[in-house]
Amino acid sequence: GIPFECHAGSYIEDMNACKTAKRLAVFLALQKARSCSNLFPSSIIIGADTFITVGAIKIGKPLSRADAKRIISSMSGKTIKVHSGIAVITTDRKGVIVDERSDYAVTFLKIKKMSDRDIERLANQKNALNISGAFSIEGEGGKMVESISGDYDNVIGLPMGKLKKLLRSLQSIYVLDTAKTLNRT
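Below, the structure is looked at part by part.

How each quantity is defined
All residue numbers here refer to positions counted from 1 along the written sequence of the relevant chain. Residue-level local features of this predicted model are given only where pLDDT is at least 70; pairs of side-chain atoms are given and counted only at 80 or more, and the full residue set underlies all totals for whole chains, interfaces and linings. With hydrogens and water set aside, each side-chain value is computed from the structure's full complement of heavy atoms. By definition, any uninterrupted DSSP run of H or I lasting at least four residues is a helix, any uninterrupted run of E lasting at least two residues is a strand, and each is numbered from the N terminus. Contact criterion: two residues are considered in contact whenever any of their non-hydrogen atoms come within 4.5 Å of each other. We place a 1 Å grid over just the protein atoms. Points where a 1.4 Å probe fits but has no way out form a cavity, open points with protein on both sides within 12 Å along at least 5 of 7 lines form a pocket, and any residue with an atom within 4 Å of a point lines it. Grid points are joined across faces, edges and corners, and a volume is the space filled by probe spheres set on the points. Among buried residues, the Ala, Val, Leu, Ile, Met, Phe, Trp, Tyr and Cys ones that are joined through side-chain atoms within 4.5 Å form a nonpolar core. Residue burial is assigned from relative accessible area. The probe radius is 1.4 Å, only protein chains are included, and a residue is buried under 20% of its type maximum, exposed over 50%, and partly exposed in between.

Turning to the environment of Leu 28, a few remarks are in order. Here Leu 28 lies in helix α1 (residues 21-34). For the pair formed by Leu 28 and Gly 85, sequence separation is 57 residues and the distance between their alpha carbons is 7.1 Å. If we skip the residues at most four places from it in the chain, Leu 28 touches Tyr 11, Glu 13, Asp 14, Met 15, Asp 49 and Phe 51.

Pasting the structure below:
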């Protein structure tokens, strides 16, 4: 029942901005949220970013269909990690950031060994170029997942448990701030 808007941030993702996957996920989420701060005064802004790693290699969105095929092939028969950073920032009446909070989630996916036909089909999906790792668990890619260990919501791209925790921490601060303001008047 809370009104909200979805807005694409202006930050251009740099998969090499941080050395570790955890730091990168949180950094990208914060940058996306920060890039919207001046557009939404007196608001709570949620930023999120999700990408995968295959071994130590960080993988974002594919650049082309050929890149999508390469990425999907690299995952075949392996356990991959899905990393999400989540950021919650608040702004004042001028759109200046007054508070920032962030968290991180990682989920492990065991990917089935895929045939060349499976790889080709996934790489040619309509949304393959718009998704980290070139496939989504909600679509055809879900058929390639053998097992999942961790937060399913994280794989979709928004770890809801982490988001609720961050929003609750903001709520307690606003309740305290409101109580202080009421006590002063």
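Next comes the rest of the description.
A water-sized probe rolled over the atoms picks out the places where empty space is left. Counted as a void, the largest pocket has a volume near 1700 Å³. Surrounding the largest pocket, 50 residues form its lining, Cys 6, Ile 46, Gly 47, Ala 48 and Leu 158 being those nearest its centre. Elements supplying a minimum of two residues to the lining of the largest pocket: α1, β1 (44-54), β3 (79-91), α4 (152-156) and α5 (160-184). For the lining of the largest pocket, the element with the most residues is β1, which contributes nine residues.

Ranked by internal contacts, the top residues of the largest apolar core, which has 21 residues, are Ile 72, Met 75, Leu 109 and Ile 111. Mapped by element, the contributors of at least two residues to this core are β1, α2 (65-75), β3, β4 (97-111) and α3 (116-123). Per-element tally for this core: the top contributor is α2, with four residues. Not counting residues within four places of it along the chain, the set of residues in contact with Leu 109 comprises Lys 78, Thr 79, Ile 80, Val 82, Ile 137, Val 145, Ser 147, Ile 148 and Val 155. Core analysis: the second largest hydrophobic core is formed by 17 residues, Cys 36, Phe 40, Ala 87 and Ile 89 among them.

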